[in-house]
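Observations on the three-dimensional arrangement
This is what each chain is made of:
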Amino acid sequence: LNISSAAARMLVVRNIQSAEEARQFIRPSLDKLHDPFLMKDMDKAIERLHQALTKDEKILIYGDYDVDGTTAVAVIYRFLSPLTSSLDYYIPDRYNEGYGVSAQGIDYAAEQGCTLIITLDCGIKAVEKVAYAKSKGIDVIVCDHHTPGDKLPAAVAVLNMKREDCPYPYKDLSGCGVGFKLAQAYTQQFGLPFDHLLPLLQLLAMSIASDIVPITGENRILAHYGIKQINQAPFAGISAVIDVAGIEAKKLTINELVYKLGPRINACGRMKSGRAAVELLLTDDATFARQQAEEVNQQNEERRDCDTETTREALAMLEEDATFAQRRSTVVYAPHWHKGVVGIVASRLVDRYALPCVVISMSNGIGRGSARSVKGFNIFAAVEACAELLDEFGGHELAVGLSIRRSDIPAFRDKINAYAKAQLTKDMTAIRYEADCTV
């Protein structure tokens, strides 16, 4: 490829073994996107969506409150808006409802006369909630990327490439990515111009960056063209956030998405309401976008102060714990901690101690926790091994959300520690620096 040996080595250690693979990696092309109909149930999803659109049924777009969920809602809402006016969206309250599909959300759908719910970045474990929706005459299409449980919800369609029976070749899409494949499939099936999807890629690039999914394969293509869209013709809300974040216009890279834009969008759901993030991502009004962006910026400042103080308290708690040195996992709890920052704090503790970590706060009388892991240790499997002590849990091998009764926290701490003692290896907990080559 006429590149330096150091550059060639950096490609090879990333498992790019041929000149053709290297060309695709260096020069991403939309032609290399996979056929969305390779995803299990996509045909059923498109059939049901088309039925809803042709019969003018009211559709509720239901998403998680983080960047992945809110961008996914914005993608599907923007995609469907030219096709129907019978649309609404719903973001659950992090504190009153918690993660995932809630009974309140389904009740809202019923009150508004919705007959179809599309869940985004959630729903794969919502077996009871999907049945509840069905009892109210509401069909559900699930679009999720989290690890499925033993039983799939009885939805009209369950789109998730991590299903054991799903042949879709790329397994690392974000939740927003699964939603985008739904839009791509509908476009393909009914002969709509693919160009209509291009502006939506800027939302998808934000999701890929913020959800820390691998920027390989399809994600690399989608992120590449999404960043192009942001630099060339950003939506009003994204443009306003770029401005308040002090990013130079048209010079945005993946780093700005990860460290500047993503945290600001996330702050809405962490500190107040994820609905405000969707309003920001959907607006075409520059004045409103600027007002919202400034408020989001303020919420991000509050979030930063909050997670700094919570991290300080958690570190002090562990330093005072005489048993901590013998533990192979970290579980810390305080009822006054802000639920919106427990995931960030868990990540900081993993960085500090190189041990899997769970940070738990209290919300409406229920412990709400976030678990994070070290490379090689499957935190989802660890939490699943403690399932009888939990009310709910969901996630993937590096990050899990959970709810637990306060009285069960000591038993949970001991059980997950026993699991970690049995499964963690020295290699997993070594703090190491990786170098591709010497130059």
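Residues numbered from 1 in each chain as written. Predicted model: local features only at pLDDT ≥ 70, side-chain atom pairs only at ≥ 80, totals over all residues. Heavy atoms only, no water.

A separate point is the overall build of the protein. The secondary structure content of the protein amounts to 17 helices and 10 strands. The dimensions of the protein, computed from C-alpha atoms along their principal axes, are 65 × 60 × 45 Å. Put simply, the protein has 439 residues, and 54% of those count as buried. Looking at the protein, you have 49 positive and 56 negative side-chain charges, and the mean spots of the two groups are 4 Å apart. (Helix = DSSP H or I, 4+ residues; strand = E, 2+ residues; numbered from the N terminus. Buried < 20%, exposed > 50% of the residue type's maximum accessible area, 1.4 Å probe, protein only. Lys, Arg positive; Asp, Glu negative; His and termini not counted. Charge placed at Lys NZ, Arg CZ, Asp CG, Glu CD.)

Here we take up empty space enclosed by the protein. Within this structure, the stated rule accounts for 3 cavities of 30 Å³ or more. If you go around the largest cavity, the residues you meet are Ser-329, Thr-330, Val-331, Pro-356, Cys-357, Val-358, Phe-377, Ile-379, Ile-416 and Ala-420. Every element with two or more residues in the lining of the largest cavity is listed here: strand S6 (330-333), strand S7 (357-363) and helix H16 (409-423). Split into classes, the residues belonging to the lining of the largest cavity amount to 8 nonpolar, 2 polar and no charged. (1 Å grid on protein atoms, 1.4 Å probe; cavity = no way out; pocket = protein on both sides within 12 Å on 5 of 7 lines; lining within 4 Å. Points joined across faces, edges and corners; volume = space filled by probe spheres on them. Nonpolar A, V, L, I, M, F, W, Y, C, P; charged D, E, K, R; others polar.)

Right, let's get into the nonpolar core. As a rule of thumb, soluble globular proteins bury nonpolar side chains together. Among the nonpolar cores identified, the biggest contains 81 residues, and Met-39, Ile-118, Leu-182, Ile-238, Leu-257 and Leu-261 are the most heavily contacted of them. For this core, the element with the most residues is helix H4 (residues 67-80), which contributes 8 residues. Discounting residues that sit within four places of it in the chain, Leu-182 has contacts with Met-42, Ala-45, Ile-46, Ile-76, Ile-118, Cys-143 and Leu-159. Among the nonpolar cores identified, the runner-up in size contains 43 residues, and Val-350, Val-374, Leu-390 and Ala-420 belong to it. (Core = buried A, V, L, I, M, F, W, Y, C linked by side-chain atoms within 4.5 Å. Contact = heavy atoms within 4.5 Å.)

Let us look at the packing of helix H13 (residues 286-319) against helix H14 (residues 342-353). Their axes nearest at 9 Å, the elements H13 and H14 cross at an angle of 45°. By the angle class used here, H13 and H14 are oblique. Our pair here, H13 against H14, has a crossing hand that is right-handed. Only Ile-344, Val-345, Arg-348, Leu-349, Arg-352 and Tyr-353 of H14 make contact with H13, whose side of the interface consists of Arg-303, Asp-307, Thr-310, Thr-311, Ala-314, Leu-315, Leu-318 and Glu-319. When grouped by side-chain class, the residues that make up the contact of H13 with H14 number 7 nonpolar, 2 polar and 5 charged. (Axes fitted to C-alpha atoms, helices over the stretch in contact; angles between N-to-C directions. Parallel < 35°, antiparallel > 145°, perpendicular 65-115°, else oblique. Left-handed = near helix turned anticlockwise from the far one by under 90°.)

Because each turn of an α-helix spans 3.6 residues, side chains separated by three or four positions end up pointing in the same direction. Across the 9 residues of helix H10 (residues 236-244), 7 count as buried, placing the element largely inside the fold. Looking at H10, one finds that the buried residues are Ala-236, Gly-237, Ile-238, Ala-240, Val-241, Ile-242 and Val-244. Buried positions along H10 lie against helix H8 (201-210), helix H9 (217-232), helix H11 (254-271), helix H12 (274-282) and H13. Looking one or two places after H10, you find Gly-246, whose phi comes out positive at around 75°.

What follows is about the layout of surface pockets. Taken as a whole, the second largest pocket holds about 460 Å³ of empty space. With 4 residues, the single largest contributor to the lining of the second largest pocket is H9. Taken together, the residues that form the lining of the second largest pocket break down as 6 nonpolar, 6 polar and 6 charged.

Here strand S9 (residues 390-395) runs beside strand S10 (residues 399-404); their pairing, made up of 5 bridges, is antiparallel. Within S10, the residue paired with Gly-395 across the bridge is Val-400. Once S9 ends, the chain turns through 3 residues before running back antiparallel as S10. (Pairing = 2+ DSSP bridges.)

Topologically, Ser-86 is positioned in the loop between H4 and strand S2 (87-90). Its relative accessible area of 13% is what places Ser-86 among the buried residues. Residues in contact with Ser-86, not counting those within four places in the same chain, are Asp-56, Glu-57, Lys-58 and Ile-59.

This part covers the pattern of salt bridges. All told, the structure shown has 22 salt bridges when counted by the stated rule. Close ionic contact of Arg-327 with Asp-414 constitutes a salt bridge, the shortest N to O distance being 3.6 Å. Placement of the pair is Arg-327 in the loop between H13 and S6 and Asp-414 in helix H16, with a sequence separation of 87 residues. For Arg-327, a relative accessible area of 18% gives the class buried. (Salt bridge = Lys/Arg side-chain N within 4 Å of Asp/Glu carboxyl O.)

This part covers the environment of Gly-123. With respect to the helices and strands, Gly-123 occurs in the loop between strand S3 (114-120) and helix H6 (127-135). The exposure class of Gly-123 is buried, given its relative accessible area of 7%. Between the C-alpha atoms of Gly-123 and Cys-143, which are 20 residues apart in sequence, the distance is 7.2 Å. Here Gly-123 is in contact with Val-101, Val-142, Asp-144 and Pro-153, once residues within four sequence places are set aside.

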